[in-house]
Amino acid sequence: MSIQPITGKTKVVGILGYPVEHSKSPLMQNAGFQALGLDYCYVPFSVAPEDLSRAMEAIRALNLAGANVTIPHKEAVIPFLDEVTPEAAAMGAVNTIVNRDGRLMGYNTDGRGFLLSLMEGLGLDVKGLTIVLLGAGGAARGVGMELARAGAGRLLVANRNLDRARELAGDITRHTGCLTQALPWEEAILRDAIGAAQVLINTTPIGMHPHHEVPPVVNPEYFPTGLTVCDLIYNPIKTSLLSAAEAKNLPTLSGWGMLLYQGVIAFELWTNQKAPVEIMKKALLEAL
Ligand code: NAP
């Protein structure tokens, strides 16, 4: 495939993060732009926290078409935006910015990306299902809100810091009306919750590279027949949790699908074109 030439008209999109060197989004997004022959270019920007306000001014001054936002800026970026969608406001985090004629609009495509990967990857509709979320951090918030909005029956949020689980469970119910429960990170409680669930989602970093050779985040003996087991971790692609679930012939979902689809939604927001999902998927999986 020939390289798309950068011209005076090329629209620039970027990713603001710190660190950002590990990001696979430039490869995935540029493959998408190139496949559709779009005059866009996606570049990484390493932005230290103390430089975030100047980076946001730069988006306006340099007339970038938009940006992704990643750790540690997803929450801190909000005050610098002109508008934030109600979903992103409820999550308290933005991962995608669109520059609409100088107005910076904030979106959060993480939760919707997870939901799309669940639907596309496993054909699973979460309506009425009981779902256990392990962890109550930023990723759990995005995923939990979106699962609730999609009609999940009950969300059980288990977290080491119980206050954080209570806060997330309360926020989800307040914003969506979904039934939720906060659970302490205790073996017997996790066993009972998982035993009664149809979906289990690990949103903690337990099992992530370089600490991937650890036992599964929860004991696989607790997995009931038919449980769908998901991990938001994408490095490694198959965590010890997913391997254990596969060994029990349970359906599994790796975090790369969420990474792909959050990018697909962002691509469509920037370009107003249908994203070439298969091409972006290939580029992402090759990079991982
Ligand atoms: P975060 O905001 O720092 O939250 C981390 C969560 O994990 C917290 O609930 C924390 O509990 C819990 N936790 C951390 N270490 C733990 C341990 N040793 N034992 C029990 N609980 C532990 O992080 P995040 O942004 O939500 O990211 C979490 C994971 O999701 C990461 O692995 C990240 O790579 C992944 N992620 C994937 C995607 C994707 O596109 N696939 C997108 C975003 C994030 P406490 O509250 O008790 O500290």
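Please refer to the structure higher up on the page.
Residue numbering note: each chain is counted from 1, following its sequence as written. Only residues with pLDDT of at least 70 get local features here, since the model is predicted, and only at 80 or more are side-chain atom pairs given and counted; chain-wide, interface and lining totals rely on the full set of residues. With hydrogens and water excluded, all non-hydrogen atoms of the structure serve as input to the side-chain values.

Draft legend 1. Region of interest: the overall build of the protein. Helix and strand counts for the protein come out as 10 helices and 12 strands. Values of the radius of gyration come from C-alpha atoms, whereas the globule rule sets the reference at 2.2 Å times the count of residues to the power 0.38. Compactness check: the protein gives a C-alpha radius of gyration of 19 Å against a globular reference of 19 Å for 288 residues, within 12% of the reference. C-alpha atoms of the protein, sized along the principal axes, occupy 60 × 40 × 35 Å. A fraction of 68% describes how many contacts in the protein between residues 6 or more apart in sequence connect residues 24 or more apart. Only the protein chains shown count as cover for residues, and the accessible areas themselves come from Shrake-Rupley with a 1.4 Å probe. In the structure as shown, the protein presents an accessible area of about 13300 Å², 53% of it carried by carbon and sulfur atoms. Charge assignment in this entry is limited to Lys and Arg as positive and Asp and Glu as negative, and neither His nor the chain termini are counted. In this description, the location of a charge corresponds to atom NZ of lysine, CZ of arginine, CG of aspartate or CD of glutamate. The averaged location of the 27 negative side-chain charges in the protein is 3 Å from the averaged location of its 23 positive side-chain charges. What counts as a helix is a DSSP run of H or I of at least four residues, what counts as a strand is a run of E of at least two, and both are numbered from the N terminus. Contact definition: two residues touch when any of their heavy atoms are within 4.5 Å.

Draft legend 2. Just the site of the ligand, in detail. Only heavy atoms are used to decide nearness, and a residue is near a molecule or strand if one of them lies within 4 Å of it. Inspection of the region around the ligand gives 21 residues, with Ala136, Ala139, Asn159, Arg164 and Leu232 positioned closest. In the model, an oxygen atom of the ligand is placed 3.4 Å from a nitrogen or oxygen of the Gly137 main chain. Considering the ligand on its own, with 930 Å² of exposed area, one finds that the protein chains cover 76% of that surface. For the ligand, the cavity whose grid points lie within 2 Å of the majority of its atoms is the largest pocket. Residues are grouped as follows: Ala, Val, Leu, Ile, Met, Phe, Trp, Tyr, Cys and Pro are nonpolar; Asp, Glu, Lys and Arg are charged; all remaining types, including Gly, are polar. Its residues placed into classes, the shell around the ligand shows 11 nonpolar, 8 polar and 2 charged. Polar contacts, as counted here, are pairs of nitrogen or oxygen atoms within 3.5 Å of one another; within protein the pair requires one atom able to donate a hydrogen and one able to accept it, and residues that are adjacent in sequence qualify only if both atoms are side-chain atoms. Think of a 1 Å grid over the protein atoms and nothing else: a 1.4 Å probe that fits but is trapped marks a cavity, an open set flanked by protein within 12 Å on at least five of seven lines marks a pocket, and residues with an atom within 4 Å of a point count as lining. Placement in a cavity or pocket follows one criterion, namely that more than half of the molecule's atoms lie within 2 Å of its grid points.

Draft legend 3. Spotlight on the layout of surface pockets. Grid points are joined across faces, edges and corners, and a volume is the space filled by probe spheres set on the points. There is about 1500 Å³ of room inside the largest pocket. What lines the largest pocket is a set of 45 residues, and nearest its centre among them are Ile71, Lys74, Ala139, Met208 and Tyr234. Within the residue set of the lining of the largest pocket, elements represented by two or more residues are β3 (66–69), α5 (138–149) and α9 (256–271). The element contributing the most residues to the lining of the largest pocket is α5, with 4 residues. Residues of the lining of the largest pocket, tallied by class, amount to 19 nonpolar, 19 polar and 7 charged. Throughout the structure description, domain borders are defined by an automatic or database domain assignment. The residue makeup of the lining of the largest pocket includes at least three contributed by each of domain 1 (11–109 + 258–287) and domain 2 (125–250).

Draft legend 4. Up close: the packing of aromatic side chains. Between the rings of Phe, Tyr and Trp (Trp by its six-membered ring), a pair exists once the centres lie within 6.5 Å; its type follows the angle of the planes, with under 30 degrees stacked, over 60 edge-to-face, and the other angles tilted. Using the criterion set out here, one finds 3 aromatic pairs in the structure. Their ring planes at 55° and their centres at 5.9 Å tell us that Tyr42 and Trp270 sit as a pair that is tilted. Within this pair, whereas Tyr42 is found in strand β2 (residues 40–46), its partner Trp270 is found in helix α9, the two being separated by 228 residues in sequence. Only protein chains enter the accessibility calculation, which uses a 1.4 Å probe; a residue whose area is less than 20% of its type maximum is buried, one above 50% is exposed, and one in between is partly exposed. What makes Trp270 buried here is its relative accessible area of 6%. An aromatic cluster of three or more residues is present, and its members are Phe33, Tyr40 and Phe267.

Draft legend 5. Examining the packing of α9 against helix α10 (residues 277–287) more closely. Viewed as axis vectors pointing N to C, α9 and α10 meet at an angle of 135°, and their least axial separation amounts to 10 Å. Judged by the angle between their axes, α9 and α10 are oblique. The handedness of the crossing between α9 and α10 is right-handed. Residues Trp256, Leu259, Leu260, Tyr261, Gly263, Val264 and Phe267 of α9 form the contact with α10, whose own contacting residues are Val277, Met280, Lys281, Leu284 and Leu285. Axes here refer to lines fitted to C-alpha atoms; in helices the fit is confined to the stretch in contact. Angles between the N-to-C directions go from 0 to 180 degrees. Every angle not falling under 35 degrees, over 145, or within 65 to 115 is termed oblique; those three ranges are roughly parallel, roughly antiparallel and roughly perpendicular. Should the near helix be turned counterclockwise from the far one by less than a right angle, the crossing is left-handed, whereas a clockwise turn marks it as right-handed.

Draft legend 6. Highlighting the sheet that holds strand β7 (residues 130–134). Here, any two strands with at least 2 DSSP bridges between them count as paired. Overall, parallel pairing links the 6 strands, which are arranged β9-β8-β7-β10-β11-β12 in an open sheet. Two strands close off the open sheet at either side, each with one partner strand: β9 (179–184) and β12 (252–253). As defined by bridge partners, strand β8 (residues 154–159) adjoins β9 across 6 bridges and the pair is classed as parallel. Bridge pairing links Leu155 to Thr180 in β9. Those strands touched by helix α6 (residues 162–176) are β8 and β9, and its axis lies near 180° from that of β9.

Draft legend 7. Region of the structure containing the side chain of Ser25. Residue placement: Ser25 occurs in helix α1 (residues 25–35). Taking relative accessible area as the criterion, Ser25 reaches 6% and is therefore assigned buried. In this structure, Ser25 is in contact with Ile15, Asn30, Tyr42 and Gln262, ignoring residues within four places of it in sequence.

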